[in-house]
There are 2 protein chains.
Amino acid sequence: MIRGNMHVTGEAPDPGQGNCRKISPVLARLGDKWSVLIVMQLGNGPRRFNEIRRMVDGISQRMLTLTLRGLERDGMVTRTVYPTIPPRVDYELTPLGRSLREPVQALGTWAMANLDKIEMAQREFDSRKA
Amino acid sequence: MIRGNMHVTGEAPDPGQGNCRKISPVLARLGDKWSVLIVMQLGNGPRRFNEIRRMVDGISQRMLTLTLRGLERDGMVTRTVYPTIPPRVDYELTPLGRSLREPVQALGTWAMANLDKIEMAQREFDSRKA
DNA sequence: CCGCATCCAGAATGATACTG
DNA sequence: CAGTATCATTCTGGATGCGG
């Protein structure tokens, strides 16, 4: 999305603007409501559809299906169908999906460490408007 | 608006998933269409409204305003108004906003390193459906 | 059990015009 | 220059019912 220069002081290993624009879709996927939560849950091993559904509280069947499809399309998750009765479908992280956990957890760590600051800033901001 | 659709309901502080769920709003912010790009642009120092607008190609005036307000509310950026004529408003990262750049860049690095894998997986997935 | 299809309400975003 | 206001459009996510 960025056509201008993306000079980030110092350590940024920026190979070019083209790549910067390309990472937007990736961030969009990670930023959606459920993807990261699902990836994190799958970090412990393969899970069935309804197992994931129970682990990720509040997700609807529809969104679980859609999100898993998206992750599968991106090569983050494999989908294995066992044609048994009743049917069974396992979802498991690919190596790519597993490699994602590290930077995501770094972000999670940051979020946990700074959550109170953020919430405090929000409260202060909101009260300033009153 | 930008500030999420999360935690509207008073959810029980669940010990197991509680931690994971708390970071969702943070990830939701990073995943929105513009926040990360703006934070990255501000990494080089304070910028004026229209400077940012030019650097982030494709953003509308409206979304730039909204996103900057959200970042300000979260304590990521400061907004400084100079009551000159014509008016001038500078946006600058706070220490909190600057500290966010590190984990975000880790994610960006991961994204760039794996972009080809993702795109290949997408093409393969799409062709399998045809 | 898995999950697709459909419908629908509301949110997010964009385009455009206007203001101090 | 830096917004605000309004309208139109697109997108998201939940609910429900059906089908393998």
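Now for a quick tour of the structure. (Residues numbered from 1 in each chain as written. Chains lettered and ligands numbered in written order. Predicted model: local features only at pLDDT ≥ 70, side-chain atom pairs only at ≥ 80, totals over all residues. Heavy atoms only, no water.)

### Some remarks on the sheet that holds strand β1 (residues 47-48) of chain B
Residue and element names in this part refer to chain B. Pairing is antiparallel across the open sheet formed by three strands, whose spatial order is β1-β3-β2. Both edges of this open sheet fall to β1 and β2 (77-82), since each of them pairs with a single strand only. Direction of pairing for β2 relative to strand β3 (residues 88-93): antiparallel, over a ladder of six bridges. When the sheet's bridge partners are listed, Thr78 is paired in β3 with Glu92. (Pairing = 2+ DSSP bridges. Helix = DSSP H or I, 4+ residues; strand = E, 2+ residues; numbered from the N terminus.)

### Describing the protein's contact with DNA strand C
What surrounds DNA strand C is a group of 20 residues, the closest being Gln61, Thr65, Arg69 and Arg79 of chain A together with Arg62 of chain B. For DNA strand C, a phosphate oxygen lies 2.5 Å from a polar atom in the side chain of Arg79 of chain A. At 3.4 Å from a base nitrogen of DNA strand C is found a side-chain nitrogen or oxygen belonging to Arg62 of chain B. Those elements that provide at least two residues to the surface near DNA strand C are α3 (49-55), α4 (61-73) and β3 (88-93) of chain A together with α5 (61-73) of chain B. The leading source of residues in the surface near DNA strand C is α4 of chain A, at four residues. The class makeup of the residues in the surface near DNA strand C is nine nonpolar, five polar and six charged. (Near = heavy atom within 4 Å. Polar contact = N/O pair within 3.5 Å; in protein donor to acceptor, adjacent residues only side chain to side chain. Nonpolar A, V, L, I, M, F, W, Y, C, P; charged D, E, K, R; others polar.)

### What to know about α4 of chain A
Residue and element names in this part refer to chain A. Relative to the 18 Å expected for 13 residues at 1.5 Å per residue, α4 spans 18 Å between its end C-alpha atoms, a close match to the ideal helical length. All of the buried residues in α4 are Leu64, Thr67, Leu68, Gly70, Leu71 and Glu72. Following α4 by one or two positions, Gly75 adopts a phi angle in the positive range, close to 80°. (Expected span 1.5 Å × (residues − 1). Buried < 20%, exposed > 50% of the residue type's maximum accessible area, 1.4 Å probe, protein only.)

### Examining the interface of chain B and chain A
On the chain A side, the residues contacting the 54 residues of chain B number 54 residues. Summed over both sides, the interface between chain B and chain A buries roughly 4700 Å², with carbon and sulfur atoms accounting for 68% of that surface. Looking only at chain B, the three residues that lose the most surface to chain A are Arg73, Leu107 and Trp110 of chain B, adding up to 14% of its buried area. At the boundary of chain B and chain A, one finds two salt bridges. (Contact = heavy atoms within 4.5 Å. Buried area = accessible area lost by both parts, 1.4 Å probe. Salt bridge = Lys/Arg side-chain N within 4 Å of Asp/Glu carboxyl O.)

### Quick look at unusual backbone geometry
Note the cis peptide between Ile85 of chain A and Pro86 of chain A, where omega equals 0°. Relative to the helices and strands, Pro86 of chain A resides in the loop between β2 (77-82) and β3.

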